[in-house]
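One letter stands for each residue in the lines below.
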Amino acid sequence: MSASHTTQTRSAHTAKQGWASGLTAFAAVMLFLLGLLNLFRGIMAIAEDDVFVTTPNYVFQFDLTGWGWIHLILGAVGILLAVGLFKDATWARVAGVAIAALLIIANFLSLPYYPIWSLVMIAIAGFVIWALCVHRDAGFDR
């Protein structure tokens, strides 16, 4: 094996590691923001703030306080997982995908209560899932 081939392989490996850690950092920041925003949304719903729309004939109808607790808990878990992602823990990546998926479902089900905000949260959670799924470990680049 020539010295130039070894240098190219190391260079490509280093570039892939940089890309992967950049995506993990992106996912951690976005999951932290997603968790924080859902935490605030949960507090607003528990306090029965007037920003929410009332929908009398919705199939997945919950009490506004019930939706608030769901978003509060999911937001708090998302914030905790973001801390794990900053430490590049594998368990946090797996759990981050799961919590982002649950946030997508919760925001979809609460679309009638706060429609535009729910769509924004769904989009952010989709980016988090993408960033966490694209990440590859250093030894898994083949």
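Residues numbered from 1 in each chain as written. Predicted model: local features only at pLDDT ≥ 70, side-chain atom pairs only at ≥ 80, totals over all residues. Heavy atoms only, no water.

Asks: So what exactly am I meant to see when it comes to the overall build of the chain here?
Replies: Within the chain, the secondary structure is distributed over four helices and zero strands. Going from N to C terminus, the chain has its helices and strands arranged as α-α-α-α. When each of the 142 residues of the chain is scored for burial, the buried share is 37%. Considering only contacts within the chain whose residues lie at least 6 apart along the sequence, 75% involve residues at least 24 apart. Element-wise, carbon and sulfur atoms account for 73% of the exposed surface of the chain, whose accessible area totals about 8,300 Å². (Helix = DSSP H or I, 4+ residues; strand = E, 2+ residues; numbered from the N terminus. Buried < 20%, exposed > 50% of the residue type's maximum accessible area, 1.4 Å probe, protein only. Contact = heavy atoms within 4.5 Å. Areas by Shrake-Rupley, 256 points an atom, 1.4 Å probe, with all protein chains shown as cover.)

Asks: Got a minute to help me understand the packing of helix α3 (residues 90–109) against helix α4 (residues 115–134) in this structure?
Replies: Packed helix pairs are specified by the crossing angle of their axes together with the interaxial distance, meaning the distance between the axes. Contact geometry for α3 and α4: axes closest at 9 Å, N-to-C directions at 160°. As the angle between them shows, α3 and α4 are arranged roughly antiparallel. α4 is crossed by α3, and the crossing has left-handed handedness. Contacts from R93, G96, V97, A100, A101, I104, N107 and F108 of α3 reach α4 at S118, M121, I122, A125, G126, V128, I129, L132 and C133. Classifying every residue of the contact of α3 with α4 gives 12 nonpolar, four polar and one charged. (Axes fitted to C-alpha atoms, helices over the stretch in contact; angles between N-to-C directions. Parallel < 35°, antiparallel > 145°, perpendicular 65-115°, else oblique. Left-handed = near helix turned anticlockwise from the far one by under 90°. Nonpolar A, V, L, I, M, F, W, Y, C, P; charged D, E, K, R; others polar.)

Asks: I keep staring at the confidence of the model for the chain and nothing clicks. Help me out?
Replies: Low-pLDDT portions of the prediction should not be read for the details of their coordinates. In the predicted model, the chain carries a mean pLDDT of 79, and 70% of its residues have values of at least 70. Within the chain, α3 carries the highest mean pLDDT (92), whereas helix α1 (residues 3–46) carries the lowest (74). Note that residues 138–142 has pLDDT below 50 and, in this model, four contacts with residues that lie over four places away or in other chains. (pLDDT = per-residue confidence, 0-100.)

Asks: Just to check I follow, could you spell out the side chain of S110 for this structure?
Replies: Structurally, the position occupied by S110 is in the loop between α3 and α4. A residue is classified by how much of its surface remains accessible, and S110, at 1% relative accessible area, is buried. Among the polar contacts made by the side chain of S110, one reaches the side chain of H71 at a distance of 3.4 Å. Looking at S110, its side chain comes within polar contact range of the main-chain oxygen of A106, at 3.0 Å. (Polar contact = N/O pair within 3.5 Å; in protein donor to acceptor, adjacent residues only side chain to side chain.)

Asks: What is the right way to read unusual backbone geometry from this model?
Replies: Leaving glycine aside, a negative phi is the common case for residues, and trans is the common case for peptide bonds. In this structure, D88 takes a positive phi of about 60° despite not being glycine. Residue placement: D88 occurs in the loop between α2 (64–86) and α3.

Asks: Can you help me understand the nonpolar core in this one?
Replies: Within soluble globular proteins, side chains that are nonpolar tend to cluster in buried spots. With 22 residues, the main nonpolar core has L31, L34, L85 and V128 as its most contacted residues. If near-sequence neighbours (up to four positions away) are discounted, L31 is found in contact with G78, L81, A82, L85, G96, I99 and V128. In this structure, A45, L64, W67 and Y113 belong to the second largest nonpolar core, which totals five residues. (Core = buried A, V, L, I, M, F, W, Y, C linked by side-chain atoms within 4.5 Å.)

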